[in-house]
Each structure stands twice: as C-alpha cells, then as structure tokens.
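# Structural characterization, general
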Amino acid sequence: MWYRAKFLYKGEITEGCINAFGTIVEIRKECRPDLDLSNEGLLLPASIDMHVHLRDWEQAYKETVVTGTSEAVYGGVGTVIEMPNTVPPVRDYDTAVSRLTHLDRYARTDFSLFAGVPKDRNEAERMASLPIAGFKVFPEDLESFHVVASSEKLKVLHPEVALANSSFRNMRAYWMELASLYLVHGRVHVTHSTSLDTIRLAKSLGFTADFTMHHLLVEGERDCLSKVNPPIRDAVQRRKLLLAFYEADLVASDHAPHAKEEKAMPYELCPPGIAGVSFTTPFVFSLVFKDVLSLDRALDLLVRNPAKVLGVMYGEIEEGYPSNFVVIARESWRYSTRFSKVTQTPFDLYPLEARVKYTIVRGKVVYDGEDVYPVKGLNPFARATRVKSLTEA
C-alpha cells in the first residue's frame, strides 16, 4: 500500500511516498497513493511501550488484549511488551506458550511478552527458547534472580526490595528502590523509575532505565485513582524527574488497568495501578511542539531506544524496517481514554498539544482518528529482526 505523507527521512522532514507491506518496501518522491496523509500531520515511527499489563484471561473484566491494544493504537503505540502477572501468571513454559498464542490471536499491535521468573534454570532455559522479550523480576523474585541471571534474555527489574511488598504505603521508601539495583547484574533494564537518582544509579551500573508519566505528573498518592507501585514520590523527587527526559533511555506507561469497582474500594484495599498507554506519546510530542524536547530526542525516548534495549529493528523510516507509523498533528485537546475498559485516570482532561491522527501497523491502518480496526500484529522476536541491544553494546 502506497502512502503519501510528510515524514522524517534521514534526519530531514520531507514529503514523499512510502510503499508499506509488512515492512517498508520502497521510499520515493512521487507515487499514486492509496492513502494521502500529507495534510494530516507528520508521519513518524510508531511508539514502543515496553511496560503494559493487558490482563485478560481471568481478569478480562479489567482489560483484554483487544481493548488494551486498541487503546494503545489510539495513543500512537505500534508495539507493546506485556508483563507476566496475569491470572494465571506466566511463570512456566506452557503458560508462556498459551499467552503468546493469545497475544498473536488478538493483539492489534506488534507484541511480545516478559515472562516471570520460573522455578528453576531448566524451566528458564525452555522459556528463553520462546519468542519472549525477556524476564520480569518483581521484588519477590530477587532472591531467585540466579534462575535467570545467566540467560541472554533481557531482565526487567521492578526496582523495590521484597520488604516493600509487606510495608505500609508510606513505608515503601525511596531507599528500597535504590537498594534493589545492587541485587541484580547482567543485561538489566530498570523500569518505572520514580526518581532521577534511580536512573543515574542504573546507568552507572551498566543498566538501562525508563520512567513513567504518572511518576512525573501525578501530584502524590491522594486516593485509589493515584495509587501505584512503586509509589509516587514527593514534589522534590517529581521535579527532579523532569531531567529524566534528557538522561533516561526511554519512557513507558506501566499501563495497569483495574475495574471501576475495584478503584472505588477503600484506600487500604484497592489495587495499585494507573492506565496510561494512550497518554505517553501525545504528551511527549506535546513537549516537542512546545520546544521543550527535540523531535530526535522524543523519537529516542518513544521508539529508537526501546528498540535498541529490546534488540529489535524498529524506529527508522527506511527500507526493510517494519511499517509501523503514527501520524501526529499539532492540536489542542484534553485527554481521556477511549477504547480501554478503564474510564477514569489521573490524566483525565490533561491539556495536550499533540494528537494521534492515524496509527499504522504492518502497513495497515489500525486507527484512523475515529475507529480501531482488527489489524493483526506480529511478534518481532519470532522474526529475523534481532539486533544488538543497548545493554549488550
């Protein structure tokens, strides 16, 4: 399918044509386009979100793969990597196969999975033979980190020590986050860092790191809607986190949906988590339009560095790359979710200056500004798109 658009090509914004069929087949100046997007905005590589919870299975009342990935493309995300704390959890080979099959059947984005730490090294080796992105290390997994330590797969760390799980909310201290980094080694990515110090420590140890928009923007943990793990820090730490836009490797959403009834429970009982997979990309491009970030830095945070950390071939508009695109236009609007089962977030009515007009996955329009279509995504780890990652460089 031929698209005419304004797009970033070899460092310059140009108007031309892209022939997209799974991957980018050809780029040239002129064509007879099947779809002309040249007046819709700027066409860029679609974002990669390395931290989403799509629920489904026994938690389908919270979110499903269909609703979660539909919300993702509404937010300009073309690839999601799911976390393993589903019900049942993905901590063995058979469940991992089942989950990958489920994602393959229903995801409207490209996708993969971080598996949980299994019971022993033999099971870890079996799971590593699957097209997974790596292993997720939760605080309760730190004592068994040795099970996956020798794997070449990426290890993604939830940065809190196990003590945090049994502590009162106001006792989930910032030192618990920093301490956890000294308990892992090898090819490690530190996710949802709540402070600039965590990011700097991670990088000094040879790791990569991301941060979320809720740890930056939400003004403290006031109620169930803003309750999240790790907790949102004080105003000083949140202000310092602004520098993460220039020091962190990437951004992620930690999209963690829960039912409205669950978030209406008493504060001590309601589950932690904020749904934000569709917020991150418009927010980051809003900073570009306000001259806070350069376009190149935004693309590094949203797609180029996630691709490098994962070791997959995304992030450029060049022949041979996956034809996953987002069309972004400058437009003032106020945020709300649209396709997720979550209808309330701390980001509701947040003013934004960038809007997703189209999302294209594998050369097909999956979101056109109004509707989401049942386009089938692919697992990049099941294809010959593996390249050297940042943590292996």
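A brief structural summary. (Residues numbered from 1 in each chain as written. Predicted model: local features only at pLDDT ≥ 70, side-chain atom pairs only at ≥ 80, totals over all residues. Heavy atoms only, no water.)

### Points about the overall build of the protein
Counting secondary structure elements, the protein contains 12 helices and 16 strands. Against the globule reference of 21 Å for 393 residues, the protein gives a C-alpha radius of gyration of 20 Å, in line with a compact fold. Buried positions account for 61% of the 393 residues belonging to the protein. Sequence-distant contacts, at least 24 apart, represent 68% of the contacts inside the protein between residues at least 6 apart. Carbon and sulfur atoms make up 52% of the accessible area of the protein, which totals about 15,400 Å². (Helix = DSSP H or I, 4+ residues; strand = E, 2+ residues; numbered from the N terminus. Rg over C-alpha atoms; globule rule 2.2 N^0.38 Å. Buried < 20%, exposed > 50% of the residue type's maximum accessible area, 1.4 Å probe, protein only. Contact = heavy atoms within 4.5 Å. Areas by Shrake-Rupley, 256 points an atom, 1.4 Å probe, with all protein chains shown as cover.)

### Things to note about the packing of helix H1 (residues 65-74) against helix H2 (residues 93-106)
Packing of H1 against H2 brings their axes to within 9 Å, and their N-to-C directions diverge by 55 degrees. Between H1 and H2, the interaxial angle falls into the category oblique. In this structure, H1 meets H2 at a crossing whose hand is right-handed. For the pair H1 and H2, contact is made by Val65, Val66 and Thr69 and by Arg99, His102, Leu103 and Tyr106, respectively. (Axes fitted to C-alpha atoms, helices over the stretch in contact; angles between N-to-C directions. Parallel < 35°, antiparallel > 145°, perpendicular 65-115°, else oblique. Left-handed = near helix turned anticlockwise from the far one by under 90°.)

### Observations regarding the pattern of salt bridges
On inspection of all chains with the given rule, the structure shows 21 salt bridges. Measuring nitrogen to oxygen at the nearest pair gives 2.8 Å for the salt bridge that ties Glu160 to Arg172. Residue Glu160 is located in the loop between strand E10 (154-157) and helix H5 (174-180), and its partner Arg172 is located in the loop between E10 and H5; the two are separated by 12 residues in the primary sequence. Here Glu160 matches Arg172 in class, with each residue buried. A network of salt bridges, in which partner residues are shared, links Asp296, Asp300, Arg304 and Glu316. (Salt bridge = Lys/Arg side-chain N within 4 Å of Asp/Glu carboxyl O.)

### What about the pairing of strand E16 (residues 364-367)?
In the sheet, strand E15 (residues 351-361) pairs with E16 via three bridges, with the strands oriented antiparallel. Looking at the pairing, Val361 lines up with Lys364 of E16. (Pairing = 2+ DSSP bridges.)

### As for the sheet that holds strand E8 (residues 110-116)
Pairing between the strands of a sheet comes from backbone hydrogen bonds, and it takes one of two forms, parallel or antiparallel. Taken together, eight strands build an open sheet; the order of strands is E6-E7-E8-E9-E10-E11-E12-E13 and the sheet is parallel. The outermost strands of the open sheet, each flanked by one partner alone, are strand E6 (47-52) and strand E13 (250-251). Bridge count between E6 and strand E7 (residues 77-82): four bridges; the pairing is parallel. Directly across from Ile48, in E7, lies its bridge partner Thr79. Helix-sheet contacts for helix H12 (residues 295-310) involve E6, E7, E8, E10, strand E11 (188-190), strand E12 (208-211) and E13, and the interaxial angle to E6 is about 65 degrees.

### Comments concerning the environment of Leu378
Here Leu378 is to be found in the segment after E16. Owing to a relative accessible area of 26%, Leu378 belongs among the partly exposed residues under this scheme.

### Description of helix H3 (residues 121-128)
Inspection of H3 places Glu123, Ala124 and Met127 among the buried residues, and these make up the whole buried set. Taken around the axis of H3, the buried residues stretch over an arc of 105 degrees, which confines them to a single face. In H3, the exposed residues that point more than 90 degrees away from the buried face are Asn122 and Glu125. On its buried face, H3 is in contact with H2, E8, strand E9 (134-137) and helix H4 (146-149). For H3, the N-terminal cap is Asp120; the gap from its side-chain oxygen to the backbone nitrogen of Asn122 is 3.2 Å. (Arc of directions from axis to C-beta. Polar contact = N/O pair within 3.5 Å; in protein donor to acceptor, adjacent residues only side chain to side chain.)

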